[in-house]
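One letter stands for each residue in the lines below.
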Amino acid sequence: QVRLVESGGESVQAGGSLKLSCTASGSDFSLDTMAWYREAPASHRELVATIIYDTTEGTFYYTDSVKGRFTISADATKNAWSLQMNNLQPEDTAVYYCNAAVRFPPAYGMSGTYWGQGTQVTVSS
C-alpha cells in the first residue's frame, strides 16, 4: 500500500501565491507519474499538471488555464512533488488532489493509482 499526504491549501486573495506539497510513503515502489488535479464547485475533477517519467528528466504537462502561472516540480528520490501556484484567480478555487501512478517490483505483479485526501484552495476577488 502507498499513502499520499498533501498540504498547503489556504484562503488567499486574487494575485496571491500558494505552494501545495505531496509526499508518497510506503515501501518497494516507484512513481511513474506525479500529478495534481482539482475539483471546483459544481464541476468535475480535472488534471492541472503532471510529470510523466518516461525519461530521466520527465515530461511536463499543464492545462491551458494555468500555463505560465503554475509550476509542478518533484524530488523523485524523496517521492515528493509540489505545485507552485502564482497569480491565483477566483476561478482557481477548488479542492486540489495529488495523484501518482505507482509501480511495484515485478515479484508483486501489480501497479496502481493513488490519491491524496484533497486540500482546499480558496481565492477571493
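Here the structure is shown first, and the text comes after it.
Residues numbered from 1 in each chain as written. Predicted model: local features only at pLDDT ≥ 70, side-chain atom pairs only at ≥ 80, totals over all residues. Heavy atoms only, no water.

(A) Representation of the packing of aromatic side chains in the model. The final tally for this structure, using the stated rule, is 3 aromatic pairs. Feature note: the residues Tyr37, Tyr97 and Trp115 constitute an aromatic cluster, connected by ring pairs. Of note, Arg45 hangs over the ring of Tyr97, and the distance from its end group to the ring centre comes to 3.8 Å. Cation over ring: Arg45 sits above Trp115, and NZ or CZ is 4.8 Å from the ring centre. (Phe/Tyr/Trp six-rings, centres within 6.5 Å; stacked < 30°, edge-to-face > 60°. Lys NZ or Arg CZ within 6 Å of the ring centre and 35° of its normal.)

(B) Seen up close, the state of the cysteines. Per the counting criterion, the structure on display carries 1 disulfide. Here Cys22 is linked by a disulfide to Cys98, with a sulfur-sulfur distance of 2.1 Å. On the sign convention where negative means left-handed, the S-S torsion of about 50° between Cys22 and Cys98 marks this disulfide as right-handed. Of this pair, Cys22 sits in strand E3 (residues 18-25) while Cys98 sits in strand E9 (residues 94-103), placing them 76 residues apart in sequence. With relative accessibility at 1%, the residue Cys22 sits in the buried group. (Disulfide = S-S within 2.5 Å. Helix = DSSP H or I, 4+ residues; strand = E, 2+ residues; numbered from the N terminus. Buried < 20%, exposed > 50% of the residue type's maximum accessible area, 1.4 Å probe, protein only.)

(C) Examining the sheet that holds strand E8 (residues 80-85) more closely. Pairing within the open sheet is antiparallel, and its 4 strands lie in the order E1-E3-E8-E7. Single-partner strands in this sheet number two, and they are strand E1 (3-7) and strand E7 (70-75). Sheet twist, expressed as the mean angle between neighbouring strand axes with direction ignored, is 15°. (Pairing = 2+ DSSP bridges. Axes fitted to C-alpha atoms, helices over the stretch in contact; angles between N-to-C directions.)

(D) Geometry of unusual backbone geometry. A positive phi angle, close to 60°, is found at Ala42, a residue other than glycine. Of note, Ala42 is situated in the loop between strand E4 (30-39) and strand E5 (45-52). Since its relative accessible area comes to 93%, Ala42 is described here as exposed. Non-glycine residue Asn87 carries a positive phi angle of around 50°. Counting through the fold element by element, Asn87 comes out in the loop between E8 and E9. Under the relative-accessibility criterion, Asn87 is labelled partly exposed at 38%.

(E) The arrangement of the pairing of strand E11 (residues 119-124) in detail. Here E11 shows a clear split, with Thr119, Val121 and Val123 buried on one side and none of Gln120, Thr122 and Ser124 buried on the other. Pairing of strand E2 (residues 11-13) with E11, which is carried by 3 bridges, proceeds in the parallel orientation. Each bridged residue has a counterpart across the sheet, and for Gln13 the counterpart in E11 is Ser124. Taken together, the 3 bridges between E9 and E11 define a ladder with antiparallel strand orientation. Looking across to E11, one finds that Tyr96 is bridged to Thr119.

By themselves, these observations are geometric and do not establish any function.
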